[in-house]
Amino acid sequence: MYDHSAIGPGRMTADMRIVTFVKYVPDAAGDRTFNDDNTVDRESDGILSELDEYAVEEALKIKEAVGDAEVIALTVGPEDAEDAVRKALQMGADSGVHVDDEDIEGTCAVGTAKVLAAAIKAYEEEEEEQVDLILTGLSSTDGGMSVMPTMVAELLGRPAATQASEVTVEGSTVRIRRDGDTSSQFIEVNLPAVVSVTDQINEPRYPSFKGIMAAKKKPIDYYDLEDIELDEAEVGFDGATTQVVNIAERPPRTAGEIVTDEGEGGNQLVEWLASKKLV
């Protein structure tokens, strides 16, 4: 069990608590690797999932709009996953929660949702305060499943409003705008609720030097499975509902076809597109 002593000063108190899920993912600019058990190598260089930055930014905007609010960044993962929380704190989040337990390794999406929901309940019990709003990105940049918001909402018994391009909190309700190809939907749900946002909702801020320095003093709580009262049989390889049985490297890119334009370049391009059934 972890020592729950906070890092830095004690937690703030606020009328509204907003939790953002922040996932530590392999850096897409680097080489992605897998472990011998076909799980993603999360001990190598990683970053805060880019799509989660939009959720953090929206949480900060809501805090600025309502005034008295606290933003908590929550992650699940190995020791290095704390970097995702740190990035959120540097952006302006007030505190963090890191769930780390060796038995979580190999957990599928369903198990991860159970961990996140249990962590929310544990946080609420420890703080004796309700989490009013859970904000997530549209998807993670490694798994890309987009199911976490609704699964966590189901486990917590709270409404979910997904794919928000705009979020407005008014009193005890949250209203979102969901943009489609030809129209927009407006959805309103009562708090507490879970909301996922798209990458069109805002422009995430860069951490300032002041924010980076301030983040070092912000509190982070550390939980393991015992702390969140979740049985190890519900997570990890034994509790997984899916399994990766085989992986293969992406084949190298082949050389493209070069067309020298000697007056017939346009026709040749159309012929090539037609041969590929693209026109």
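About the criteria used
- Residues numbered from 1 in each chain as written.
- Predicted model: local features only at pLDDT ≥ 70, side-chain atom pairs only at ≥ 80, totals over all residues.
- Heavy atoms only, no water.
- Helix = DSSP H or I, 4+ residues; strand = E, 2+ residues; numbered from the N terminus.
- Contact = heavy atoms within 4.5 Å.
- pLDDT = per-residue confidence, 0-100.
- Axes fitted to C-alpha atoms, helices over the stretch in contact; angles between N-to-C directions.
- Parallel < 35°, antiparallel > 145°, perpendicular 65-115°, else oblique.
- Left-handed = near helix turned anticlockwise from the far one by under 90°.
- Salt bridge = Lys/Arg side-chain N within 4 Å of Asp/Glu carboxyl O.
- Buried < 20%, exposed > 50% of the residue type's maximum accessible area, 1.4 Å probe, protein only.
- Patch = residues over 30% accessible without salt bridge, like charges linked within 9 Å, V, L, I, M, F, W, Y side chains within 5 Å.
- Areas by Shrake-Rupley, 256 points an atom, 1.4 Å probe, with all protein chains shown as cover.
- Lys, Arg positive; Asp, Glu negative; His and termini not counted.
- Charge placed at Lys NZ, Arg CZ, Asp CG, Glu CD.
- Pairing = 2+ DSSP bridges.
- Nonpolar A, V, L, I, M, F, W, Y, C, P; charged D, E, K, R; others polar.

### Here's the deal with the side chain of Arg158
Then, in step 1: Position of Arg158 relative to the elements: it lies in the loop between helix H4 (148-156) and strand E7 (160-164).
Then, in step 2: Look past the residues within four positions of Arg158 in its chain and what remains in contact with it is Ile120, Glu124, Val131, Ile134, Ala153, Pro192 and Ala193.

### Section: the confidence of the model for the protein
Then, in step 1: Overall, the predicted model of the protein reaches an average pLDDT of 88, with 93% of residues at or above 70.
Then, in step 2: Below a pLDDT of 50 lies the segment residues 1-10, which in the model reaches 27 contacts outside its immediate sequence neighbourhood of four places, other chains included.

### Concerning the packing of helix H3 (residues 109-127) against H4
Then, in step 1: Packing of H3 against H4 brings their axes to within 9 Å, and their N-to-C directions diverge by 50°. Viewed along their axes, H3 and H4 adopt a mutual orientation that is oblique. H3 and H4 meet at a crossing whose hand is right-handed. Counting all contacts with H3, which are made through Ala109, Val110, Thr112, Ala113, Lys114, Leu116, Ala117, Ile120 and Lys121, the residues of H4 involved are Met148, Met151, Val152, Leu155 and Leu156.

### Notes on the pattern of salt bridges
Then, in step 1: Enumeration over the complete set of coordinates arrives at 12 salt bridges.
Then, in step 2: Between Glu64 and Arg205 there is a salt bridge whose closest N-O contact spans 3.3 Å. Remark: Arg205 occurs in the loop between strand E11 (193-197) and helix H5 (209-215) and Glu64 occurs in helix H1 (residues 50-66); sequence separation between them is 141 residues.
Then, in step 3: Exposure remark for Arg205: the relative accessible area of 27% places this residue in the partly exposed category.
Then, in step 4: Through salt bridges with shared partners, a single ionic network connects Glu57, Lys61, Glu64 and Arg205.

### Considerations on a negative patch on the surface
Then, in step 1: On the surface, a cluster of negative charge is made up of Asp36, Asp37, Glu102, Asp103, Glu105, Asp231, Glu232 and Asp238.
Then, in step 2: Counting through the fold element by element, Asp36 comes out in the loop between strand E2 (24-26) and strand E3 (46-48).

### Let's talk about the sheet that holds strand E10 (residues 184-190)
Then, in step 1: Reading across from one edge, E8-E9-E10 is the order of the 3 strands in this open sheet, with antiparallel pairing throughout. If you trace the sheet from one side to the other, it starts and ends with strand E8 (166-170) and E10, each paired once. On average, each strand axis in the sheet is tilted by 15° relative to the strand beside it, whichever way the strands run.
Then, in step 2: Where E8 meets strand E9 (residues 173-179), 5 bridges bridge the pair, whose relative direction is antiparallel. Among the inter-strand pairings, Val169 is bridged to a residue of E9, identified as Val174.

### Points about the pairing of strand E1 (residues 16-21)
Then, in step 1: Burial analysis of E1 places 6 of its 6 residues in the buried class, the great majority of the element.
Then, in step 2: Burial along E1 is two-sided: Met16, Ile18 and Thr20 facing one way and Arg17, Val19 and Phe21 facing the other are all buried.
Then, in step 3: Relative to strand E4 (residues 69-76), E1 runs parallel, the two being bridged by 6 bridges. Following the sheet pairing, Arg17 is matched in E4 by Glu70.
Then, in step 4: Where E1 lies against strand E6 (residues 133-137), 3 bridges are found, and the strand directions are parallel. Bridging from a neighbouring strand, Val19 pairs with Ile134 of E6.

### Examining the packing of H1 against helix H2 (residues 82-91)
Then, in step 1: The contact between H1 and H2 brings their axes to 10 Å, and the two run at 35°. Classified by chirality, the crossing of H2 by H1 is right-handed. Touching Glu53, Val56, Glu57 and Leu60 of H1 are Lys87, Ala88 and Met91, all from H2.
Then, in step 2: Residues belonging to the contact of H1 with H2 are distributed by class as follows: 4 nonpolar, no polar and 3 charged.

### Section: a nonpolar patch on the surface
Then, in step 1: Where nonpolar side chains cluster on the molecular surface, the patch consists of Leu269, Val270, Trp272, Leu278 and Val279 and spans about 510 Å² of accessible area.
Then, in step 2: In this fold, Val279 is placed in the segment after helix H7 (265-275).
Then, in step 3: A residue is classified by how much of its surface remains accessible, and Val279, at 66% relative accessible area, is exposed.

### Considering the pairing of E8
Then, in step 1: Residues Val167 and Val169 of E8 are buried on one face, while the alternating residues Glu166, Thr168 and Glu170, pointing to the opposite face, are not.
Then, in step 2: Connecting the antiparallel pair E8 and E9 is a turn made up of 2 residues, with Gly171 showing a positive phi of about 60°.

### Considerations on the sheet that holds E4
Then, in step 1: Overall, parallel pairing links the 7 strands, which are arranged E7-E11-E6-E1-E4-E5-E12 in an open sheet. Of all the strands in the sheet, just E7 and strand E12 (220-223) have a single pairing partner and so form its edges. On average, adjacent strands in this sheet sit at an angle of 20° to one another, irrespective of strand direction.
Then, in step 2: Lying on the sheet, H3 is in contact with E1, E4, strand E5 (95-99), E6 and E12; it crosses E4 at an angle near 140°.

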